[in-house]
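Coordinate inspection notes
Below, each chain spelled out in residue letters.
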Amino acid sequence: MGTENSKDERRRSMGFLRKGPKLPAWEDALLAGKEPKSLLKRGLRYVSLSLIMKGMTSTPDFLWGLPEVQKLNLSHNQLMVIPPSLGKLDRLVVLNLGGNCLKCLPKEIGLLRNLKILFVNMNCLTEVPAELSLCRKLEVLSLSHNNISQLPLSFTDLTSLRKLNLSNNRFVQIPLCIYALRSLDFLHLGSNRLENIAESIQYLVNLQIFIVENNNIRTLPRSLCFLTTLELLNADYNTIQTLPDDLYLLHRLPRIAWNPMDKGLHIAHNPLSRPLPEVIEGGLDVLFNYLKEKKE
């Protein structure tokens, strides 16, 4: 009789657990006695682990015992700190920390020598550790929607970097180290506090997409016209009054663009001096012809 009663109690207890809040997948797996490695997914390219939107306020300790992880997604949680143990995951190729509450990154991030893609967008960063420049294979970096106002000079060592998103931060000028990143083909500095673009922009000879919308830029430098690889130049919502006479050299710009997703020249919502507003209404060819004649 006692045995039957204990069985009933266990059934009621299990029933209560099933009706309660569902545990996050990783907690459920560990409580069931499974190995943390059972959470890994082995794809064609990467061994990956996703802990996205788990409501985590801290990283689980088991994570640092999975050195085989190559792709790690910890985005959209409530993480305030990433511990130094991150450096143990030295096979990481892709790391997504976006949408958390991080105020800093550990210097041990520099130990991730295989890292190619890093997202730390939508956090609370005020600075970036100089050690990140040790990740020489880094190709894609997003630091958008933070509180960053400068970058370490050591960033000049990120010679493989192709895509850099620094939008929605607090930059008053483009950091000097960026002009040394000759492999950049995408640079987003929209929604900052930029007042000018240095003539040194001409050194980014592979740049195809350059976005500086929603700043306080007064003029576009003449050297910008030498970036003949540009396919999208977005300078909407600034305080630009005139355009450089050599702008017609940007022959890969296909049109005057109005849709934010379109390639071309975006120059709307600027106090352009006359007759530029009327000329622009005629399209890019009309604008280029006007600038050529004006120069002659």
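Now for a quick tour of the structure. Computed from a predicted structure; not experimentally measured.

About the cut-offs
Residues numbered from 1 in each chain as written. Predicted model: local features only at pLDDT ≥ 70, side-chain atom pairs only at ≥ 80, totals over all residues. Heavy atoms only, no water. Helix = DSSP H or I, 4+ residues; strand = E, 2+ residues; numbered from the N terminus. Buried < 20%, exposed > 50% of the residue type's maximum accessible area, 1.4 Å probe, protein only. Contact = heavy atoms within 4.5 Å. Polar contact = N/O pair within 3.5 Å; in protein donor to acceptor, adjacent residues only side chain to side chain. Expected span 1.5 Å × (residues − 1). Pairing = 2+ DSSP bridges.

Re the side chain of E231
In this structure, E231 sits in the loop between β9 (209-211) and β10 (232-234). Judged by its relative accessible area of 17%, E231 is buried. Beyond its immediate chain neighbours, meaning those up to four positions away, E231 contacts Q208, R252, L253, P254, K263 and G264.

Digging into the environment of R113
Its location among the elements puts R113 in the loop between β4 (94-96) and β5 (117-119). Those residues in contact with R113 that lie beyond four places of it in its chain are L134 and K137. Of note is the side chain of R113, whose polar atom sits 2.6 Å from the backbone oxygen of G110.

Re the environment of V140
Position of V140 among the secondary structure elements: in strand β6 (residues 140-142). The class for V140 is buried, based on a relative accessible area of 15%. In this structure, the C-alpha to C-alpha distance between V140 and L184, residues 44 residues apart in sequence, is 9.5 Å. Setting aside residues up to four positions removed in sequence, V140 forms contacts with K116, I117, L118, L161 and K163.

Observations regarding helix α4 (residues 284-295)
Relative to the 16 Å expected for 12 residues at 1.5 Å per residue, α4 spans 16 Å between its end C-alpha atoms, a close match to the ideal helical length. Buried positions along α4 lie against β11 (264-266) and α3 (276-281).

Overview of the sheet that holds strand β2 (residues 47-50)
Reading across from one edge, β1-β2-β3-β4-β5-β6-β7-β8-β9-β10-β11 is the order of the 11 strands in this open sheet, with mixed pairing throughout. Each edge of the open sheet carries a strand with a single partner, namely β1 (41-42) and β11. Here β2 runs beside strand β3 (residues 71-73); their pairing, made up of 3 bridges, is parallel. In the sheet register, L49 faces β3, and the bridge partner there is L72.

Digging into the pairing of β2
Side chains of β2 alternate between two faces, with V47 and L49 buried and S48 and S50 left unburied. Direction of pairing for β1 relative to β2: antiparallel, over a ladder of 2 bridges. What sits directly across from R42, in β2, is V47. Hairpin connection between β1 and β2: a loop of 4 residues separates the two successive antiparallel strands.

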